[in-house]
Amino acid sequence: MRNDLIILAVDDDMINLKLLKSMLKKSGFVKEVIEAKNGSDAIGELKGRDDIDLILLDIIMPVMGGIDMLKVVRADDNLRQLPIIILTTDETKKVEALECGANGFLMKPIRKDDLINKIKTVDRKSV
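What comes next is a walk through the structure. Remember, predicted model here, so these are calculated numbers, not experimental data. (Residues numbered from 1 in each chain as written. Predicted model: local features only at pLDDT ≥ 70, side-chain atom pairs only at ≥ 80, totals over all residues. Heavy atoms only, no water.)

Further remarks concern the pattern of salt bridges. When the charged atoms of two side chains with opposite charge come close together, those side chains can pair. Taken as a whole and assessed by the stated rule, the structure comprises eleven salt bridges. Linking K108 and D11 is a salt bridge whose minimum nitrogen-to-oxygen distance equals 2.8 Å. Here D11 lies in the loop between β1 (5–10) and α1 (14–27) and K108 lies in the loop between β5 (104–107) and α5 (112–122), a separation of 97 residues in the sequence. The burial state of K108 is the same as that of D11; both residues are buried. Of the charged contacts, one joins R49 and D51 as a salt bridge, the two residues approaching to 2.9 Å between their closest N and O atoms. With a relative accessible area of 24%, R49 lands in the partly exposed category. Its relative accessible area of 30% is what places D51 among the partly exposed residues. What you see here is one network of salt bridges that share partners, running through D11, D58 and K108. (Salt bridge = Lys/Arg side-chain N within 4 Å of Asp/Glu carboxyl O. Helix = DSSP H or I, 4+ residues; strand = E, 2+ residues; numbered from the N terminus. Buried < 20%, exposed > 50% of the residue type's maximum accessible area, 1.4 Å probe, protein only.)

Distances and angles like these do not, on their own, reveal function.
Below, the structure is given as structure tokens:
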């Protein structure tokens, strides 16, 4: 497992973002966590950087939700290979998210062990 991952965390709930950031930083393999509060902000971050390794994506957000963002990322030749893990309280969105190209799915509240294991399974650069 590499120890220099750069992860984009997208969630409109600031408490969830801080919690994710804390879990990821403590994992020992994350160098940086970039925060975005909706899909539109996240797309802006992705356009401005080419070093993001993985996206943690909430589904239900204002401005641009997770499914819409997923479709935009998967339609972009430069971004389509990025691993995306969906984080949500809405299990009914799982099939739609996976059909739209998500690499993984975790139910909130997120547990650190589940998050770390899921990241390990989808981070293709670490294998």
